[in-house]
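So the chains spell out like this:
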Amino acid sequence: MNLSTKILIGLALGIIAGLELGAEGAGFAKAWIGPLGTIFMNMIKMVIVPLVFSSLVIGVCSLGDIKKVGRIGIKTLAYYLSTTAFAIVIGLAIGTVMQPGVGLTLPVETTKVAAKAAPPIMKVIVDIFPTNPMEAMLKANMLQIIVFSLFIGVGITAVGEKADYLKHTINGLAEVSYKIVGIIMAVAPIGVFGLITPVVAANGPAVLLPLLKVVIAVYLSCLLHAIFVYGAMLKFIGNTDVVKFAKGIAPASLMAFSSCSSGGTLPLTMSCAQKLGVSKEVSSFVLPLGATINMDGTAAYQGVCALFIAQLYGIDLTGAQYFTIIVTGTLASIGTAGVPGAGFIMLTMILTALGLPLEGSALIAGIDRILDMPRTSVNITGDAAVAFLVDKSERAKAKEPLY
């Protein structure tokens, strides 16, 4: 039985257990079943920093050319920004067709919600350069770790033979990290069971039914984005078997769905991408960056939720406001990079830009955990798709086969 099947079984059992326990058993699920998921996620988080640092350093050393690093970086950002824009458009389209906020009789939360501003883009750029690399690692600041790793890799390459011992040491750390991930994945089904059971118990039918159209709209938007955007990219740009890719990335997608953590899923995403043929040097650069700034699933969610709140208050949006949602959401995906609660920050930014009542976001916050599951799954699937395409383009340039 492969890992995807095992994780799927754990997910299914967790859903069944959560429904059986219901709201009355939510406390039991959180106290006694939830810790299984917490322990599993702690083990995953334990290995993320050494894995990203070591694999990225070795990846840069393998590339050997700083121009190649820059070329891969530009391709990666171009893919991430363009797919994010497509995701928002899909979310808006589904929100327009399904109209989740029309006719809703729920009382709108009147508590004042403060808008959260994203940091200025120049501050984001300045903050990715660490003053203390050890502090960046302690805080798991992925953008700073990526930058530091790039400098170490470039430095090792520039020094050459004298740095071979350091290079071999870091390569050893990378191999040990990969092995630890393999050991942790053996208990993934139990971890997924522990993660999903308390969520289903706490958010049963009584909570979800009044907002069912919003939930369906977000899930459908994420599914359509994965099929039509990633599928088209892989088929026509990557000239690859989409079904084979979907099966290959399934363990990471299911893990992301259960954990709602792109960073926590990163080790498994890297493993799945490499099994699909993506080189270690490309996957170690593209995937950590994507786990931080690529928010396609979140972007689709923004489109649906912005329309939901407008419809809830009976506000008709203009064409210019639709365009504002697309531009603001796309740029915010970079501007909120590495900021806790980035999805909610993006939503309040869009609502502020449109002049919509921020109080409506309180309704979304109530079911945010359920909505976070598909968008995180789509986020990491997009990371892997971009890594695959970037790697294929680099191999084509070097006239190397992908497999």
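Note that the coordinates shown come from a computational prediction; the quantities given were computed from them, not determined experimentally.

What the rule picks out here adds up to three aromatic pairs. Considering the side-chain rings of phenylalanine 53 and phenylalanine 148, the 5.9 Å spacing of their centres and the 15 degrees angle between planes classify their relative orientation as stacked. Note that phenylalanine 53 is positioned in helix α2 (residues 26-63) and phenylalanine 148 in helix α6 (residues 142-159), a separation of 95 residues in sequence. Accessibility expressed as a relative area gives 13% for phenylalanine 53, which makes it buried. Seen from their ring centres, tyrosine 219 and phenylalanine 257 are 6.3 Å apart, and the 80 degrees between their planes marks the pair as edge-to-face. A residue pair is termed long-range when its members are at least 10 positions apart, and tyrosine 219 in helix α10 (residues 212-237) and phenylalanine 257 in helix α11 (residues 242-259) qualify at 38 residues. Just above the ring of tyrosine 301 sits the side chain of arginine 375; from NZ or CZ to the centre is 4.0 Å.

With that settled, consider the packing of helix α12 (residues 262-275) against helix α13 (residues 280-293). Two numbers describe a pair of packed helices, the interaxial angle and the distance between the axes. Put simply, α12 and α13 touch, their axes get as near as 10 Å, and they point 155 degrees apart. By the criterion of interaxial angle, the relationship of α12 to α13 is roughly antiparallel. Relative to α13, α12 is oriented so that their crossing is right-handed. Here Ser262, Gly263, Leu266, Thr269, Met270, Ala273 and Gln274 of α12 come into contact with α13, specifically with Lys280, Ser283, Ser284, Leu287, Pro288 and Ala291. Across the contact of α12 with α13, the residue classes tally to six nonpolar, six polar and one charged.

Of all residues in the protein chain, 90% have pLDDT values of 70 or greater, and the mean over the chain is 84. Per-element averaging of pLDDT across the protein chain places helix α9 (residues 205-208) at the bottom with 71 and α10 at the top with 94. Note that pLDDT drops below 50 for residues 109-115; the model gives that stretch 14 contacts with residues more than four away or on any other chain.

This part covers the nonpolar core. One recurring pattern in soluble globular proteins: nonpolar side chains tend to sit buried together. Counting 113 residues, the largest nonpolar core has Phe40, Met185, Val286 and Ile364 as the members making the most contacts within it. For this core, the leading source of residues is α2, giving 15 residues. Setting aside residues up to four positions removed in sequence, valine 286 forms contacts with Ile72, Thr76, Tyr80, Asp383, Val386, Ala387 and Val390.

Together, Leu209, Leu212, Ile216, Leu220, Leu223, Ile227 and Phe228 line one region of the surface with nonpolar side chains, adding up to about 650 Å² of accessible area. The topology assignment puts leucine 220 in helix α10. For leucine 220, a relative accessible area of 31% translates into the label partly exposed.

Parameters and conventions
- Residues numbered from 1 in each chain as written.
- Predicted model: local features only at pLDDT ≥ 70, side-chain atom pairs only at ≥ 80, totals over all residues.
- Heavy atoms only, no water.
- Phe/Tyr/Trp six-rings, centres within 6.5 Å; stacked < 30°, edge-to-face > 60°.
- Helix = DSSP H or I, 4+ residues; strand = E, 2+ residues; numbered from the N terminus.
- Buried < 20%, exposed > 50% of the residue type's maximum accessible area, 1.4 Å probe, protein only.
- Lys NZ or Arg CZ within 6 Å of the ring centre and 35° of its normal.
- Axes fitted to C-alpha atoms, helices over the stretch in contact; angles between N-to-C directions.
- Parallel < 35°, antiparallel > 145°, perpendicular 65-115°, else oblique.
- Left-handed = near helix turned anticlockwise from the far one by under 90°.
- Contact = heavy atoms within 4.5 Å.
- Nonpolar A, V, L, I, M, F, W, Y, C, P; charged D, E, K, R; others polar.
- pLDDT = per-residue confidence, 0-100.
- Core = buried A, V, L, I, M, F, W, Y, C linked by side-chain atoms within 4.5 Å.
- Patch = residues over 30% accessible without salt bridge, like charges linked within 9 Å, V, L, I, M, F, W, Y side chains within 5 Å.
- Areas by Shrake-Rupley, 256 points an atom, 1.4 Å probe, with all protein chains shown as cover.
- Salt bridge = Lys/Arg side-chain N within 4 Å of Asp/Glu carboxyl O.

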